[in-house]
Structure formats: C-alpha cells, structure tokens
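# Residue-level structural notes
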Amino acid sequence: MIILHNARYVVTCNAEDMVLEFASLVIEGTEIIELGPAQVIKEKYTFAQVIDFTDQLLMPGLVNLHTHLPMTLLRGVAENVDLQGFLELVWAEEARIMDSQGTYLGARLGALESLLGGTTTALDMYLHPAANHRGAVEVGLRHVTGPVFFSFPGPDNLTWDARMLLAREWPETLREIGGPYVPLTLTPHAPLTVNPANLKEIAELAVEQGAIITVHASENISENEDTVAAHGDRPTHLLDTTGILDLKPVLAHGVHLDESERHLIASKGACVAHCPGSNLKLASGAADFVQYREDGITVGLGTDGSSSSNDLDMFAVMRLTANLARLVRNDPAAIASVAVVRAATIEGARALGMADRIGSLEVGKEADVISVSLCEPHLVPVRDPFTTIVFSAGRADIRHVFVAGEQVVENRQPTKVDTEEIMVSALEHLGSGPCLNE
C-alpha cells in the first residue's frame, strides 16, 4: 500500500471535475482505494509506504489517443511536405529500417518519451504489433495496439491472408506478452488503403473478438478526394457501409468532416482523436474541436507519430488544442481549460471503452497517476489548476508516474529500464554510433 501524500492539488477529472487541496491518494495493488485530506489519510494508514508530494499536483495519466510510437526512429525524415509527401518518404524508410527489431527499439524509445512526459496510455497503430507491444510494456506504458491492415503488401510486405492470420492470433499474442490491461484492438490504416471488402472482414472479426478499432479518416482534403476516386465514397461513409462505424471506432484526425458526417459519427457513438500538432505541421487543416463536441462527438487528443509531429508531447497538444480552438472560432472563450484537460484524460479513456478503469482519479479505478512539480518559476502562482496544466505546465515538469499502481517514473527517472541503453540501442540500429557521450 502506498500513500501519495500531501499534494497541493489533486485534479480528479471526475464527473464534477473536483479538485482537492492538500490531499492524499492511497494505492493498494493496482487500484486507488481512497482520496482525502492529507492528515486524515496519513493517520488512517499508518502502516503504508508514504511518498511526499508537497508542492506537486496530482492528476490522471494522460491518454494519447492516436500515435505511432516506433516512429521515434523516423523523427525528422519527412520535413516540409504534406500528408501525401510524408507517406511517400516515410513508407520508404519504414521498408528499410522498421523490421521487427527496429519496431521494438522504436517502441521502447517512444514509450519512454511518453511516460517521462506524463502519458500513461497510448492508442498506437504500427507494423509488427507483437514487437511494438513488447517494447512498450517493457518500459511500463499502458499500450493499446493491434495488427495493422493494408489491402496491399505495405511497408511490412504482408499479404492480406497473413494480416488476417496475425489478427486472429492477436488475442493469444497479447496474453503472452502481458502488461497493464488493454482492450483487444484492430487497426486498419484508412479507407483509402483498405478496400471496402477488406474493411467488412475487419468489422466481422472485431465483432467476433470483441475488439475496438482505430482508423485514419479525413486527415486532409486530398485524402478525401483520393478515397472517392479509389472507392466511390468519402471515408466516413465507407466506414459506415462496411460496418466499422457501428463499432464506435476511434477516428484519427477527422479534420475534414462535413456536417452530415459529424452527425453520423455522433449518432454511431464513434470518437475522434484530435491531433493538432501533426495537422498543423503537415498543413492538413484545423479540425473544429468545439464544433465536434457540440455535435455530440467524444473527442480525445493525440500526438500522432514522431515523424509527423516530431515529439510525443501531450502537454504541447493540450496547449495547441486550446489555442487552435480559439483561433478557429475567433473567440478567446471558445473552450475552457477544464474541457481540454478532460479531452486528454477521461474523454480519451471513454473513447477506448476504458472510462470505468482509467482517465480520472476515483476510488476503484486503476492508479494511473502523474505528478507535476509546482516549484518552478513558470508555474507560480497557480490561480486555477486546469489553466496551469494547459497553458503553463510542460512535460519537463513531470516528476512521478504510476501505471496500474506501479511507479514507472521516480523523480524523472524510469524505474523499469535504463534510459541510456534505450537511446544507444536505437541509435545503433540506425547506424548513428555506439555511444551518446562520444
């Protein structure tokens, strides 16, 4: 049993957005068993391990609702291009260096970057899913991923039959690898790259397995146009007619959705992963975060991969989300900071079907908890914790990270892996030299 003792603020992200002051949180096993006044908690649990969180803010671990973790190894390979130019460059590099080993090494590096930045859960779409998942959970991340689908060989050069076999074996593979609880997941790349007949097969398999689905959709205008030219309809409508949309998928990006598509998505209970950093960098467009919420769509936040956004910084994503929403609406009051924090936590968990387990700090939920040090000039004073999180704090302010009750970052140091070994191994795979210090 562990007491996270005497936090200046505990931002719960519960239904009332309750914020506790000078409070403690008690973890037993994987779960939160109590929150309350610091002195009361300490006196009640005299036999527990106590970790002091004075002058820190506790909050739920961040949920990165769309990323490609192993693409840390492709950071910077596709600059000053749009989405189509990006894919052309990246797929060539993936075929060259992202074999199973490269995927494993990139996943470790991406998971470490994520945890050090306060992200405890990531919905990850990438090649070689077993190697990807193994690398991420070794570092301690709650890693939601599954087989990726293309209707052509793709960078990993697999036939359709091989992809389907991999997907049918995925439940057992996931059990063998282990790690914190995650739902079964299938990850078709996009309606442009997976034809309608194959999308139907994926939908049928997802129903059979009870799997969730994530898929790219309407990232830029050219994608919409190319999908119509290739398959006769826009991405959202193809997802609907093939049965994917009925399964409440997480739609990555969703930048260019018309009114009818937004209403369809909302009516089906599908969700959108808003990735403003990647969308702005590739000049894909600006999704109307506020409009999507008003339409009744659950919207979470994502970084996308490090080859398009260049980092996995969810604090940067929160700030971009808030500022972009104001710009799109020409309204400085378009979105409140609390709504942005919720999008990065409980709404992301809801999109994954995991809101009963993670996304808020509540008794009975799994202890995915992060702490933000408030002893920094840029965090003084704190007038509203939500505003501080969105507009002042950054990933470098993260001090401690717990996933399912296990402390995986202590005083900014990972507890399960060696940072330098992970970086050196990644660089050696790229042929960039054996040692960072030379």
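Description of the structure in this document. In this numbering scheme, every chain counts its residues from 1 along its sequence in written order. It should be noted that, the model being predicted, local features are given only for residues of pLDDT at least 70 and side-chain atom pairs only at 80 or more, the latter also being counted only at that level, while totals for whole chains, interfaces and linings use all residues. Computation of side-chain values covers all heavy atoms of the structure but excludes hydrogens and water.

### Notes on the sheet that holds strand β8 (residues 142-146)
At least two DSSP bridges between two strands are needed for those strands to be called paired. In DSSP terms, a helix is any run of H or I states spanning at least four residues, a strand is any run of E spanning at least two, and both are numbered starting from the N terminus. With parallel pairing, the three strands of this open sheet are ordered in space as β6-β7-β8. Of all strands in the sheet, those with a lone pairing partner are β6 (62-67) and β8, marking the two edges. Ignoring which end each strand starts from, the neighbouring axes of this sheet average 10° apart. Two residues qualify as a contact provided that any one of their heavy atoms is within 4.5 Å of a heavy atom in the partner residue. For helices, the fitted axis covers only the stretch in contact; all axes are lines through C-alpha atoms, and the angles between them, taken along N-to-C directions, range from 0 to 180 degrees. The strands touched by helix α12 (residues 314-329) are β6 and β7 (119-125); relative to β6, the strand with the most contacts, the crossing angle is about 85°.

### Observations concerning the nonpolar core
The biggest cluster of nonpolar side chains holds 111 residues, and the ones touching the most others in it are Met-59, Leu-186, Leu-301 and Met-318. With six residues, the top contributor of residues to this core is α12. Leu-186 has contacts with Pro-147, Phe-149, Ala-167, Ile-202, Leu-205, Ala-206, Gln-209, Ala-211, Ile-212, Ile-213 and Thr-214, leaving out every residue within four places of it along the chain. Each nonpolar core is a collection of buried residues, namely Ala, Val, Leu, Ile, Met, Phe, Trp, Tyr and Cys, held together in the definition by side-chain atoms within 4.5 Å. Residue burial is assigned from relative accessible area. The probe radius is 1.4 Å, only protein chains are included, and a residue is buried under 20% of its type maximum, exposed over 50%, and partly exposed in between. Counting 16 residues, the second largest nonpolar core, distinct from the first, contains Leu-25, Ile-51, Leu-58 and Val-369.

### What about the sheet that holds strand β9 (residues 148-149)?
Here we have six strands laid out as an open sheet, ordered β9-β10-β11-β12-β13-β14, and parallel in their pairing. The strands lining the two open edges of the sheet, one partner per strand, are β9 and β14 (298-301). As judged from the four bridges shared by strand β13 (residues 271-274) and β14, these two strands associate in the parallel manner. In the strand pairing of β14, Val-272 is matched with Val-299. Docked against the sheet, helix α6 (residues 196-209) engages β9, β10 (185-188) and β11 (212-217), running at close to 175° with respect to β10.

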